[in-house]
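Read off the chains here:
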Amino acid sequence: MTDHHARLQRLEKVAHRMDSAIRIPVIGLRVGYDSIIGMIPGVGDLLTLAPSAWIIYESKRLGAPAHVISRMVANTATDTLVGMIPLIGDLFDATFKSNRKNVALLRAHLERKGAVPTGQPRFA
């Protein structure tokens, strides 16, 4: 396993935990710590910005080009800003899953570059 592949898998695990680690019974919706922490009024969405920023930082270190990083920043900003709106933001957080989108963008870039094997992420 290459260093790029191991680092990508680590990022995929973080994205999974943040966006879809917990299945809500009956409705089957998957949420993560981002949705739960985001419910804390005032600071919840700001706290979840740290793991999102780390994913973007690591993506840059792994060689993601500017257009991929820009898309990641836009995803994270959308998630954070809309997430701050009471109730509507919480519902949005549960479905938007910016961390998983960002890691998928990174995976696609690394696969095109040949730095990681092609295939589905571990937490599809």
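Here, every reference points to the structure presented above.
To start, this report covers the structure provided alongside it. All of these numbers come straight from a predicted model, not from anything done at the bench. (Residues numbered from 1 in each chain as written. Predicted model: local features only at pLDDT ≥ 70, side-chain atom pairs only at ≥ 80, totals over all residues. Heavy atoms only, no water.)

This next bit is on helix 5 (residues 66-83). Here helix 5 contains 18 residues, and its C-alpha end-to-end distance of 25 Å stays within 8% of the 26 Å for a straight helix at 1.5 Å per residue. Listed in full, the buried residues belonging to helix 5 are Val68, Ile69, Met72, Asn75, Thr76, Asp79, Thr80 and Gly83. All buried residues of helix 5 project into a common sector of 125° when viewed along the axis, lining one side. Among the exposed residues of helix 5, those pointing more than 90 degrees away from its buried face are Ala66, His67 and Leu81. (Helix = DSSP H or I, 4+ residues; strand = E, 2+ residues; numbered from the N terminus. Expected span 1.5 Å × (residues − 1). Buried < 20%, exposed > 50% of the residue type's maximum accessible area, 1.4 Å probe, protein only. Arc of directions from axis to C-beta.)

Proteins that are soluble and globular tend to have nonpolar side chains buried together. Core analysis: the largest hydrophobic core is formed by 17 residues, its most contacted members being Leu8, Leu11, Ile55, Met72, Val103, Leu106 and Leu110. Listed by contribution, the elements that provide at least two residues to this core are helix 1 (3-20), helix 4 (49-61), helix 5 and helix 7 (98-113). When residues no more than four places from it in sequence are discounted, the contact partners of Met72 are Ile56, Ser59, Asn102, Leu105 and Leu106. (Core = buried A, V, L, I, M, F, W, Y, C linked by side-chain atoms within 4.5 Å. Contact = heavy atoms within 4.5 Å.)

Two elements in contact, helix 5 and helix 6 (residues 88-96), have axes separated by 8 Å at closest approach and are oriented at 150°. When the axes of helix 5 and helix 6 are compared, the pair comes out roughly antiparallel. Residues Asn75, Thr78, Asp79, Val82 and Gly83 of helix 5 touch helix 6, and the partners they reach there are Gly89, Asp90, Phe92, Asp93 and Phe96. Here the residues of the contact of helix 5 with helix 6 sort into 3 nonpolar, 4 polar and 3 charged. (Axes fitted to C-alpha atoms, helices over the stretch in contact; angles between N-to-C directions. Parallel < 35°, antiparallel > 145°, perpendicular 65-115°, else oblique. Nonpolar A, V, L, I, M, F, W, Y, C, P; charged D, E, K, R; others polar.)

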